[in-house]
Amino acid sequence: ARMGSRFRRLSTAAAAPALPPQYLQQLNPQLWDRATHQRNHVRVDAATGSKLVSQPRLPPPDEAAFPAGYLDAVRQPHAVVATPPPSQGVFRPPPLALWTGDSFSPPTIRFEELMCERGGGEAAEWLLSQLYSAGLCLVTQTPPTEKGMRDLSRTVTGGYPTPPAEAVRHGHPTQSNGSDSGPYRTLYGAVWSTSVGGQPSGTSTADSAYSSVSLPLHTDMTYHATPPGLQLFNMASPAPDGSGASTYLDGFAAAHRLRDADPAAFATLRRVVFGYRSVDTATGWHLEAAGPVLSVDPFDEKTLTGVRHNDLDRLPPRPPASVRDVDGWYAEVERALAAWDAVLEEPGRRLTLSLREGDCTVVHNHRVMHGRESFSLQGEGEARSIIGCYTGVDELRSRWRVCFTKRSRGGGG
């Protein structure tokens, strides 16, 4: 059974700015190849590929060249930038559902529903829709194995479940380029486990996740230029005494709250670039990247597209060379971070889950933060252990664009 809960629906129906005539002119379907969806009017030298000085004259802007409803859809900002070819339809994602932990239960589905040949397509589309809306789902009865994690990750990245070895030898039809999609390989490996010991040789454990201490709310891989899109956390072995509950928080809901309560702090965290770092001398990794805590749509500053937050991996903030009042800049940054922390610690904002064996949370890493309460290593049975993996954000956004792009009723294009 699939379950949901109460949300605050965030509408994107507000008036969006008109599209400039220059944009309409260059988006004209006549200027794009219907097979490759690339520009078809760029003139280059046939032998060298050099772009010619003389280029064709573009047709004047013409709204009638587009299918009904297409331009209205393009004008609307979304958490994912999407400009589908007019012949494919219009991008109409579900509305965002902002939540707080005191009134939210993750949408839930069983693993076998997603793996079922007949129902897998519809079930996978449901999962993708819920992940877009809420950023957090729960998949129950998930096998605590590498194959289970690979198969689940392929459901949301567009690949296929791992076929049996016999089918591979006989040329099973799922053996295509897509069958290799799935887990996103990092310094921790493709599929990893956060057990305190016994990690595969050559993989990094230079992270506080490989301990029993509590972890503050954060997003993962902030030290990657483009952090992974999804995290899959499958409870392989709960702590015998029930400790080690998992915590989650809707970063988009928190950011909206910050913007309403303190617009200046929101603007600072959207503008200031913070550095993040991960170093593992044992395995030879030194990763660094930078970005703002809050990211917005490049064409509409009111629309959030991402959250990057990790107090443990964040480097000291450094002002740009153009800043003259350095003391004032640091005071502004510290005040904004304090305001952000105050929102994150508001009562009722975080969700706490005591996961059972086979409970796998699927987390939108560019939106939902996660953490952990400390757990005990004492008692009978295995210590608390999570098996998990990441998926790429480009694969996730691609799946969303394909899933939510529908043909216009007016036809054309």
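Draft legend 1. Region of the structure containing the sheet that holds strand β6 (residues 191-193). Strand order in the open sheet made by the 6 strands is β4-β5-β15-β8-β17-β6, with mixed pairing throughout. The strands lining the two open edges of the sheet, one partner per strand, are β4 (108-110) and β6. Taken over all neighbouring pairs, the strand axes of this sheet differ in orientation by 25 degrees on average, direction set aside. Across 3 bridges, β6 lies against strand β17 (residues 385-391) in antiparallel orientation.

Draft legend 2. Molecular detail of the pattern of salt bridges. What the rule picks out here adds up to 16 salt bridges. Salt-bridge contacts for R335 lead to D262; the nearest nitrogen and oxygen are separated by 2.9 Å. Here D262 lies in the loop between α7 (251-261) and α8 (263-271) and R335 lies in helix α9 (residues 326-344), a separation of 73 residues in the sequence. On the accessibility criterion, R335 (42% relative accessible area) is partly exposed. A salt bridge links D311 to R314; its shortest N-O distance comes to 3.0 Å. Assessed through its relative accessible area of 21%, R314 is described here as partly exposed.

Draft legend 3. A look at empty space enclosed by the protein. Counted under the stated rule, the structure contains 1 cavity of 30 Å³ or more. In this structure, the largest cavity occupies an estimated 60 Å³ of space. Lining the largest cavity we find A79, V80, L96, Y132, F252, T305, H364, R367, R397 and W400. Per-class residue counts for the lining of the largest cavity are 6 nonpolar, 2 polar and 2 charged.

Draft legend 4. Structural view of the nonpolar core. In terms of nonpolar packing, the biggest core is built from 79 residues, with Y248, L258, L269, L294 and W340 touching the most fellow members. Other than its neighbours up to four places away in sequence, L294 contacts A255, L258, F266, L269, R270, L304, G306, V307 and W340. Core analysis: the second largest hydrophobic core is formed by 8 residues, L24, L27, L71 and V74 among them.

Draft legend 5. Representation of α8 in the model. For α8, every residue scored as buried is listed here: A265, F266, T268 and L269. Down the axis of α8, the sector holding all buried residues measures 160 degrees, keeping them to one side. Summarising the contacts, the buried residues of α8 are in contact with α7, β10 (274-280), β12 (294-297), β13 (300-307) and α9.

Parameters and conventions
Residues numbered from 1 in each chain as written. Predicted model: local features only at pLDDT ≥ 70, side-chain atom pairs only at ≥ 80, totals over all residues. Heavy atoms only, no water. Pairing = 2+ DSSP bridges. Helix = DSSP H or I, 4+ residues; strand = E, 2+ residues; numbered from the N terminus. Axes fitted to C-alpha atoms, helices over the stretch in contact; angles between N-to-C directions. Salt bridge = Lys/Arg side-chain N within 4 Å of Asp/Glu carboxyl O. Buried < 20%, exposed > 50% of the residue type's maximum accessible area, 1.4 Å probe, protein only. 1 Å grid on protein atoms, 1.4 Å probe; cavity = no way out; pocket = protein on both sides within 12 Å on 5 of 7 lines; lining within 4 Å. Points joined across faces, edges and corners; volume = space filled by probe spheres on them. Nonpolar A, V, L, I, M, F, W, Y, C, P; charged D, E, K, R; others polar. Core = buried A, V, L, I, M, F, W, Y, C linked by side-chain atoms within 4.5 Å. Contact = heavy atoms within 4.5 Å. Arc of directions from axis to C-beta.

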